[in-house]
Amino acid sequence: MLPCIESIYSKNKNGYAYYYDTITKKAYLHHRFAYCEFHNVSVASIKGLCVCHKCDNPSCINVDHLFLGTQQENIADMVNKERQAKGETQRSAKLTEGEVLAIRGSSLSGRQLGEMYNVTESTISRILTRRTWKHI
């Protein structure tokens, strides 16, 4: 695969670059605009679809690295590449990996553990049955 081509335009907090089209007077995600220009389609014609990155570099505009997909396909691509947030890296995480391991090794009840770690008893149950925190 050819190397990434980095957009020179300003980026948002997630690293995606924006391109301002002087003809339409609109700002577009640069990789979406590049994909549409290369494939000679309008940005409006791909509304509801994602322009995904094979390279996982959000500021890349190399059209060889871009492909069109649904949101579900984009998420499946992320999961297949193991790029999804897990455990402590999730913004909503209330526990650390160490705490999860301590919960799994504890002989206390789910209610007691929930009170100790300030989470619900059902959260403790999901940890113990490995419905959550599966990666550890």
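Cut-offs applied
Residues numbered from 1 in each chain as written. Predicted model: local features only at pLDDT ≥ 70, side-chain atom pairs only at ≥ 80, totals over all residues. Heavy atoms only, no water. Helix = DSSP H or I, 4+ residues; strand = E, 2+ residues; numbered from the N terminus. Contact = heavy atoms within 4.5 Å. Phe/Tyr/Trp six-rings, centres within 6.5 Å; stacked < 30°, edge-to-face > 60°. Buried < 20%, exposed > 50% of the residue type's maximum accessible area, 1.4 Å probe, protein only. Core = buried A, V, L, I, M, F, W, Y, C linked by side-chain atoms within 4.5 Å. Salt bridge = Lys/Arg side-chain N within 4 Å of Asp/Glu carboxyl O.

A. Examining the environment of Tyr9 more closely. Of note, Tyr9 is situated in the segment before strand 1 (18-21). For Tyr9 and Leu29, which are 20 residues apart along the polypeptide, the C-alpha to C-alpha distance reads 9.9 Å. If sequence neighbours within four positions are ignored, Tyr9 has contacts with Ala17, Tyr18, Tyr19 and His30.

B. View of the packing of aromatic side chains. The full count for this structure, using the stated rule, is 3 aromatic pairs. Consider the rings of Tyr28 and Phe33, whose centres lie 5.7 Å apart with planes at 25°: the pair is stacked. Chaining the aromatic ring pairs together yields one cluster made of Tyr9, Tyr19, Tyr28 and Phe33.

C. Fine view of unusual backbone geometry. We note that Asn40 has phi near 55°; this positive angle belongs to a residue other than glycine. Mapped onto the elements, Asn40 comes out in the loop between helix 1 (30-39) and strand 3 (50-53). What makes Asn40 exposed here is its relative accessible area of 70%. A positive phi is found at Asn118, a non-glycine position, where the angle reads about 60°.

D. Seen up close, the nonpolar core. Formed by Tyr19, Tyr28, Phe33, Ala34, Tyr35, Cys36, Val43, Ile46, Val51, Ile61, Val63 and Leu66, the largest nonpolar core amounts to 12 residues. It is helix 1 that provides the largest number of residues to this core, a total of 4 residues. For Val63, the contacting residues outside a window of four places in its chain are Ala34, Tyr35 and Phe38. In this structure, Leu95, Tyr117, Val119 and Ile127 belong to the second largest nonpolar core, which totals 9 residues.

E. Here's a closer look at the pattern of salt bridges. If you walk through the whole model with that rule in mind, you get 4 salt bridges. A salt bridge links Asp56 to Arg83; the nearest nitrogen and oxygen atoms lie 3.7 Å apart. Here Asp56 is found in the loop between strand 3 and strand 4 (66-69), whereas its partner Arg83 is found in the loop between helix 2 (71-80) and helix 3 (97-105), with 27 residues between them in sequence. Classification of Arg83 as partly exposed rests on a relative accessible area of 46%. Each of Asp56, Asp77, Lys81 and Arg83 takes part in a single network of salt bridges with overlapping partners.

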